[in-house]
Amino acid sequence: MVRQWRAVHPELNTGPMEVIGRINRCAALLQQAEDAPLRRAGLSRPEFDLLGALRRTGHELTPGELARETFSSGAAVTKRLKQLTERGLIERRGDTRDRRVAHLRLTDAGRDLVDGILPEQLAYETSVLSVLAPEGQGELAALLGDLLSRLEGRMGSLRA
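The text that follows walks through the structure, step by step, so that each part is easy to find. (Residues numbered from 1 in each chain as written. Predicted model: local features only at pLDDT ≥ 70, side-chain atom pairs only at ≥ 80, totals over all residues. Heavy atoms only, no water.)

So, on to the packing of helix α4 (residues 45-57) against helix α7 (residues 108-129). Describing two packed helices takes the angle between their axes plus the distance from one axis to the other. Orientation of α4 relative to α7, taken along the N-to-C sense of each, is 120°, at an axis distance of 10 Å. Pair α4 / α7 crosses with left-handed handedness. Residue-level contacts link Arg45, Phe48, Leu51, Gly52 and Arg55 of α4 to Arg111, Leu113, Val114, Asp115, Ile117, Leu118, Gln121 and Glu125 of α7. (Axes fitted to C-alpha atoms, helices over the stretch in contact; angles between N-to-C directions. Helix = DSSP H or I, 4+ residues; strand = E, 2+ residues; numbered from the N terminus. Left-handed = near helix turned anticlockwise from the far one by under 90°. Contact = heavy atoms within 4.5 Å.)

Listed below in structure tokens is the structure:
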């Protein structure tokens, strides 16, 4: 693709396309493959992210806090919470002062599911990244972290 663009527009620097294109392609392939341990447990990555947020924070969260914690929209969180509550993995508790506010926590079944999946999920992710040397994984994580922090700080101005 880059060679083709260089042939059409040799005056343009296509270097950024190589980086962004590869990041997008990796993300697409990872999404296609899905996360095998999660799939076996009947969970999507976004559902696991909600459960994981509740587990790792160790306390109740509101739907808004979960949305911020998982970088999800409120509507997406609401839909996922409904499904996870119906499966008995999350419990809702109303706020004593404001009936519009819900406090969410993992049930014992939800905590057991997260704790059971996490080691297998980490092993799966380790195998996906095993094509890179440990130093390369660290370097890639640092570079992506730098890029992510800059993008998160600039997204408002980039959308305008």
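Helix length check: α4 (13 residues) gives 18 Å between terminal C-alpha atoms against 18 Å at 1.5 Å per residue, within 8%. Against α3 (36-40), α5 (63-70), α6 (74-86), β1 (90-94), β2 (102-106) and α7 lie the buried residues of α4. Following α4 by one or two positions, Gly58 has its phi on the positive side, about 75°. (Expected span 1.5 Å × (residues − 1).)

So, about the side chain of Glu47. Structurally, Glu47 can be placed in helix α4. Buried charge Glu47 goes without a salt bridge, the closest partner of opposite sign being Arg87 at 4.4 Å. A distance of 2.9 Å separates the side chain of Glu47 from the backbone nitrogen of Ser44, its partner in a polar contact. (Buried < 20%, exposed > 50% of the residue type's maximum accessible area, 1.4 Å probe, protein only. Lys, Arg positive; Asp, Glu negative; His and termini not counted. Salt bridge = Lys/Arg side-chain N within 4 Å of Asp/Glu carboxyl O. Polar contact = N/O pair within 3.5 Å; in protein donor to acceptor, adjacent residues only side chain to side chain.)

The next subject is the nonpolar core. Leu43, Leu51, Leu54, Leu66, Leu81, Leu84 and Ile90 are the most contacted members of the largest nonpolar core, which totals 19 residues. Counting residues per element, the ones that place at least two in this core are α4, α5, α6, β2 and α7. When residues of this core are assigned to their parent elements, the largest contribution, five residues, is made by α4. When sequence neighbours within four positions are dropped, the list of residues in contact with Leu66 reads Leu50, Ala53, Leu54, Leu61, Val77, Leu81 and Leu104. (Core = buried A, V, L, I, M, F, W, Y, C linked by side-chain atoms within 4.5 Å.)

What follows covers a nonpolar patch on the surface. Together, Val19, Ile20, Ile23, Leu30, Val128, Leu129, Val131, Leu132, Leu140, Leu144, Leu147 and Leu151 make up an exposed nonpolar region whose accessible area comes to about 930 Å². Those elements that provide at least two residues to the nonpolar patch are α2 (15-33), α7 and α8 (134-159). Relative to the elements of secondary structure, Val19 occurs in helix α2. (Patch = residues over 30% accessible without salt bridge, like charges linked within 9 Å, V, L, I, M, F, W, Y side chains within 5 Å. Areas by Shrake-Rupley, 256 points an atom, 1.4 Å probe, with all protein chains shown as cover.)

It is worth spelling out the pairing of β2 at this point. In terms of burial, β2 is a largely internal element, four of the five residues being buried. Where β1 and β2 come together, five bridges link them in antiparallel fashion. In the sheet register, Glu91 faces β2, and the bridge partner there is Arg105. (Pairing = 2+ DSSP bridges.)

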